[in-house]
Amino acid sequence: MFYDVYNEDCITGMRNHVKDGTVDCIFTDPPYGIEGDKLDVLYHRDESNVVDGYVEVPLETYDQFSKDWITECARCLRPGGSIYIVSGYTNLHHVLNALHGTDLQEVNHIVSKYSFGVSTKKKWVSSHYHILFWQKPDKGKQKRVFNTNVYYSDQKDSYHDRLDVQPMPRDYKPGQIKNKNQLSEDFIEKFILYSSNRGETIMDPFCGGFTTSRTALRFGRTFIGFEMNTNAFRTFLPTLEQVEEKEDPIPIDPSPEELEKRNKMRAGWAKKRAERKLVS
Ligand SMILES: C[S@@+](CC[C@H](N)C(=O)[O-])C[C@H]1O[C@@H](n2cnc3c(N)ncnc32)[C@H](O)[C@@H]1O
């Protein structure tokens, strides 16, 4: 297993340690600029299992911060490389503004629905994150990877798996030490498997609980990452050594009866298309 992780600010860290065009895929969840380091007090959350020292970014500097780290990511990505950025709504415009200032191209806007929004009395309960999926322009043979049959061999099942509204599972691991806003590794897995191949390099500039790194290493990718909070870095770094490598999943086939039904339907559609062509 190969990884390079640094207890540093990711902006200078990327400049110092990552060469141009060497990263295949980035999956990251930056601080949201919403005083995330104080949310537990605001929402009366019990965070006794959460490591101290989460580094938040003040709202006044969030725009420049977003431009700086996203420009670095664009430099590090290879042609055709993919980037996924998880963002809340409040400062989404700064993230989008920064993305539009690079040569990256938009691929999808994914909405991720979670079931644990903070209760409100006089307005809707916010229960989604945005996931911005962009890419570095393809160049010659260096194209964007998108593995559509990771989990399902048949297009119909894969179609449903690829809808741009995705559920966000929550890991319930009582007593286990975690980072603030730690994502589920089951959730990250999907994006890594769809957008990279074994042996390729995944980067996360904001490692937090090292969820992206563990997921990347588990599936035979190499990893490069940064985390500024020394407490989080020291707590989660040892978990990388405990990762057990796994094969990529074997795609699930529809049952033979279901496949026969689908193939009959598809043959019918193909016939209709051919007839329409003849008429026009
Ligand atoms: C939303 S959390 C990431 C959570 C992570 N995805 C997980 O699943 O645990 C953002 C992380 O970025 C770190 N951070 C903030 N500013 C940073 C910077 N300039 N460079 C590196 N890490 C930074 C914070 O300390 C925090 O752990």
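Up top is the structure these notes are about.
Cut-offs used in this document
Residues numbered from 1 in each chain as written. Predicted model: local features only at pLDDT ≥ 70, side-chain atom pairs only at ≥ 80, totals over all residues. Helix = DSSP H or I, 4+ residues; strand = E, 2+ residues; numbered from the N terminus. Rg over C-alpha atoms; globule rule 2.2 N^0.38 Å. Buried ≥ 20, exposed ≤ 12 C-beta atoms within 10 Å, placed from the backbone. Near = placed C-beta within 6 Å. Nonpolar A, V, L, I, M, F, W, Y, C, P; charged D, E, K, R; others polar. Axes fitted to C-alpha atoms, helices over the stretch in contact; angles between N-to-C directions. Parallel < 35°, antiparallel > 145°, perpendicular 65-115°, else oblique. Left-handed = near helix turned anticlockwise from the far one by under 90°. Contact = placed C-beta atoms within 7 Å. Pairing = 2+ DSSP bridges.

**Re the overall build of the chain**
Piece 1. Scanning the chain from N- to C-terminus turns up nine helices and eight strands.
Piece 2. The C-alpha atoms of the chain give a radius of gyration of 21 Å, which matches the 19 Å a tight globule of 280 residues would have.
Piece 3. Dimensions of the chain, computed from C-alpha atoms along their principal axes, come out at roughly 65 × 50 × 40 Å.
Piece 4. Scored against the burial criterion, the 280 residues of the chain give a buried share of 32%.

**Describing the site of the ligand**
Piece 1. The immediate surroundings of the ligand are formed by 22 residues, with Val55, Phe206, Gly208, Gly209 and Thr211 found nearest.
Piece 2. Residue composition of the shell around the ligand, grouped by class: 12 nonpolar, seven polar and three charged.

**Brief notes about the packing of helix 6 (residues 185–195) against helix 7 (residues 211–218)**
Piece 1. For the pair helix 6 and helix 7, the least separation of the axes is 9 Å and the interaxial angle reads 55 degrees. Here helix 7 runs oblique to helix 6, going by the angle between their axes. For the pair helix 6 and helix 7, the sense of crossing is right-handed. On helix 7, the residues that touch Glu185, Ile188, Glu189 and Ile192 of helix 6 are Thr211, Thr212, Arg214, Thr215 and Ala216.
Piece 2. Among the residues forming the contact of helix 6 with helix 7, the class breakdown is three nonpolar, three polar and three charged.

**A look at the packing of helix 3 (residues 59–76) against helix 4 (residues 92–100)**
Piece 1. The N-to-C vectors of helix 3 and helix 4 enclose an angle of 40 degrees; their axes lie 8 Å apart at closest approach. Relative to helix 4, the element helix 3 is oriented oblique. In this structure, the crossing between helix 3 and helix 4 has a hand that is right-handed. Contacts from Tyr62, Asp63, Ser66, Lys67 and Ile70 of helix 3 reach helix 4 at His94, Val95, Asn97, Ala98 and Leu99.
Piece 2. Counted by class, the contact of helix 3 with helix 4 contains five nonpolar, three polar and two charged residues.

**A closer look at the environment of Pro30**
Piece 1. Structurally, the position occupied by Pro30 is in the loop between strand 2 (23–28) and helix 2 (39–42).
Piece 2. With 21 C-beta atoms counted inside 10 Å, the residue Pro30 sits in the buried group.
Piece 3. As a C-alpha pair, Pro30 and Gly88 span 58 residues in sequence and 9.8 Å in three-dimensional space.
Piece 4. Ignoring sequence-local partners within four residues, the contact set of Pro30 consists of Trp69, Ile85 and Phe206.

**Quick word on the pairing of strand 4 (residues 105–113)**
Piece 1. Pairing of strand 4 with strand 5 (residues 128–135), which is carried by eight bridges, proceeds in the antiparallel orientation. Residue Ser112 lies in a different strand from strand 5, and its bridge partner there is Tyr129.
Piece 2. Here three bridges tie strand 4 to strand 6 (residues 165–167), and the two strands are oriented parallel to one another. Following the sheet pairing, Ser112 is matched in strand 6 by Gln166.

**Some remarks on unusual backbone geometry**
Piece 1. Phi at Asn181 takes a positive value of approximately 60 degrees, unusual for a residue other than glycine.
Piece 2. For Asn181, the location among the structural elements is in the loop between strand 6 and helix 6.
Piece 3. Here Asn181 falls in the partly exposed class, since 18 other C-beta atoms lie within 10 Å of it.

**Considerations on the environment of Glu200**
Piece 1. Structurally, Glu200 can be placed in the loop between helix 6 and strand 7 (201–204).
Piece 2. Separated by 13 residues in sequence, Glu200 and Phe187 place their C-alpha atoms 19 Å apart.
Piece 3. Sequence-distant contacts of Glu200, that is, excluding residues within four places in its chain, are made with Asp24, Cys25 and Arg221.

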